[in-house]
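Spelled out from the first residue to the last, the chains are:
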Amino acid sequence: GDSVTQMEGPVTLSEEAFLTINCTYTATGYPSLFWYVQYPGEGLQLLLKATKADDKGSNKGFEATYRKETTSFHLEKGSVQVSDSAVYFCALGGPSGGSYIPTFGRGTSLIVHP
Amino acid sequence: NAGVTQTPKFQVLKTGQSMTLQCAQDMNHEYMSWYRQDPGMGLRLIHYSVGAGITDQGEVPNGYNVSRSTTEDFPLRLLSAAPSQTSVYFCASSYLSGEVAEAFFGQGTRLTVV
């Protein structure tokens, strides 16, 4: 079945550092790929998405490119802020076993220090 | 916009008690799902529904029941609570746009079973 693998955290950075969170996936067909973010005490919310190979999703300074050849969707940000501290989930969505319920990775906690 | 509404936000149960976690969405989404979130385990799918009257099991369904009598509501029932069910529960709804399934989450229910 479909699956998503994320790098384990926590990832600890200083403010203005460069961020990369790795995500790779296994899927049949051509899924869409997502990054969701969960701020402390809240539910998940969509950060960005890409629907086909070589698409780049971007939002709030975060970017991720859908790489079909490496089955990856790594999240990057050039300069993180303390307010970016959260848990980040990579996910894939699209036809999977006949349903359209997204499959999530385990999440990566990001801690940004001033 | 209400989106996905979960109630209650917090609950403490004694072992063996039963309860229902409520989930309602006002976006007319076809797909709804329940996840539990535990430290180091990410999001695990409990049950899901692809439409009114249709439900199916996810990765960790034991100890939980669901029903979907309307498009809007998808309650999760714990028949006899156990300490292993202490977790944060998230309800999500998702819609299909082309081949893309994007999920919207509630704020979560933090359940403690003592």
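Presented here is an overview of the structure given in this document.

Scoring rules and cut-offs
Along every chain, residues carry numbers that run from 1 in the direction the sequence is written. A letter from A marks each chain and a number from 1 marks each ligand, given out in the order of writing. Thresholds applied to this predicted model are a pLDDT of at least 70 for local features of residues and 80 or more for the giving and counting of side-chain atom pairs; totals over whole chains, interfaces and linings are not thresholded and use all residues. Water and hydrogen atoms play no part in the side-chain values, which are based on all heavy atoms of the structure. Strand pairing requires that DSSP identify at least two bridges connecting the strands. For helices the rule is a DSSP run of H or I covering at least 4 residues; for strands it is a run of E covering at least 2, with both sets numbered from the N terminus onward. Axes here refer to lines fitted to C-alpha atoms; in helices the fit is confined to the stretch in contact. Angles between the N-to-C directions go from 0 to 180 degrees. Only heavy atoms enter the contact rule, under which two residues are in contact if any of them lie within 4.5 Å. Reported buried area values correspond to the accessible surface (1.4 Å probe) lost by two parts on association, with both partners' losses combined. We define a polar contact as two N or O atoms separated by no more than 3.5 Å, with the added condition that, inside protein, one atom must be a possible hydrogen donor and the other a possible acceptor, whereas residues neighbouring each other in sequence contribute only through side-chain atom pairs. Amino acids are sorted into nonpolar (Ala, Val, Leu, Ile, Met, Phe, Trp, Tyr, Cys and Pro), charged (Asp, Glu, Lys and Arg) and polar (every other residue, Gly among them). Side-chain atoms within 4.5 Å link the members of a nonpolar core, which is a set of buried Ala, Val, Leu, Ile, Met, Phe, Trp, Tyr and Cys residues. Think of it in three bands: with a 1.4 Å probe and only protein chains considered, a residue is buried below 20% of the maximum accessible area for its type, exposed above 50%, and partly exposed in between. Think of a 1 Å grid over just the protein atoms. A cavity is a set of points where a 1.4 Å probe fits yet cannot get out, a pocket is an open set with protein on both sides within 12 Å along at least five of seven lines, and lining residues have an atom within 4 Å of a point. Grid points are joined across faces, edges and corners, and a volume is the space filled by probe spheres set on the points.

## Here's the deal with the sheet that holds strand β8 (residues 76-78) of chain B
All names here are of chain B. Strand order in the open sheet made by the four strands is β1-β3-β8-β7, with antiparallel pairing throughout. With partners counted over all chains shown, the strands left at the sheet margins are β1 (4-7) and β7 (64-66), one partner each. Recorded for the sheet is a direction-independent mean angle of 20 degrees between the axes of neighbouring strands. Two elements, β7 and β8, share three bridges in a ladder whose sense is antiparallel. Bridging across to β8, Asn65 finds its partner in Arg77.

## Observations concerning unusual backbone geometry
A cis amide bond, omega 0 degrees, links A:Gly9 with the succeeding residue A:Pro10. Relative to the elements of secondary structure, A:Pro10 occurs in the loop between β1 (3-6) and β2 (11-14). Here the residue pair B:Thr7 and B:Pro8 is connected by a cis peptide bond, since its omega of -10 degrees sits within 30 degrees of zero. Along the polypeptide, B:Pro8 turns up in the loop between β1 and β2 (10-13). One non-glycine residue, B:Asn28, adopts positive backbone phi at about 60 degrees.

## Comments concerning the interface of chain A and chain B
Facing 22 residues of chain A, the contacting portion of chain B comprises 24 residues. Where chain A abuts chain B, roughly 1,800 Å² becomes buried across the two surfaces, and 61% of that area is made up of carbon and sulfur atoms. Linking chain A with chain B are four residue pairs in polar contact (both at pLDDT 80 or more), by the criterion used here. Taken together, the elements giving at least two residues each to the side of chain A that touches chain B come down to β5 (32-38), β6 (44-50) and β10 (86-93) of chain A. The biggest single contributor to the side of chain A that touches chain B is β5(A), with four residues. Along the lines of polarity and charge, the residues of the side of chain A that touches chain B split into ten nonpolar, nine polar and three charged.

## Observations concerning the sheet that holds strand β3 (residues 19-21) of chain A
Hydrogen bonding along the main chain pairs the strands of a sheet, whether they run parallel or antiparallel. All names here are of chain A. Across the sheet, which stays open at both edges, the four strands sit in the order β3-β9-β8-β7 with antiparallel pairing between neighbours. The open sheet terminates on both sides in strands that have one partner only, identified here as β3 and β7 (56-59). Going from strand to strand, the sheet's axes swing by 20 degrees on average, the running direction of each strand aside. Both strand β8 (residues 62-65) and strand β9 (residues 75-77) contribute to a ladder of three bridges, which runs antiparallel. Residue pairing across strands places Ala64 opposite Leu75, the latter belonging to β9.

## Description of the nonpolar core
Counting residues in hydrophobic clusters, the biggest one holds 26 residues, and the most contacted among them are A:Leu19, A:Trp35, A:Leu47, A:Leu48, A:Phe73, A:Leu75 and A:Tyr88. Of all elements in the fold, only β2, β3, β4 (23-26), β5, β6, β8, β10 and β12 (108-113) of chain A reach the threshold of two or more residues within this core. Broken down by element, this core gets its largest block of residues, four residues, from β10(A). Other than its neighbours up to four places away in sequence, A:Leu48 contacts A:Leu33, A:Phe34, A:Trp35, A:Gly57, A:Ser58, A:Asn59, A:Phe62, A:Glu63, A:Ala64, A:Phe73 and A:Leu75. Grouped together as the second largest cluster of nonpolar side chains are 20 residues, A:Tyr36, B:Tyr31, B:Tyr35 and B:Phe90 included.

## What to know about the layout of surface pockets
Reported here for the largest pocket is a volume of approximately 750 Å³. Lining the largest pocket we find 34 residues, and of these A:Gln38, A:Val87, B:Gln37, B:Asp38 and B:Val88 sit closest to its centre. Counting residues per element, the ones that place at least two in the lining of the largest pocket are β1, β10 and β12 of chain A together with β4 (31-38), β9 (87-97) and β11 (109-113) of chain B. For the lining of the largest pocket, the class distribution of residues is twelve nonpolar, 16 polar and six charged. Taken as a whole, the second largest pocket spans an internal volume of roughly 460 Å³. What lines the second largest pocket is a set of 20 residues, among which A:Asp2, A:Thr103, A:Phe104, B:Leu45 and B:Glu59 lie closest to the centre. Among the elements of the structure, β1 and β11 (103-104) of chain A together with β5 (42-51) of chain B are those that each provide at least two residues to the lining of the second largest pocket. Here the lining of the second largest pocket is built from residues that sort into nine nonpolar, seven polar and four charged.

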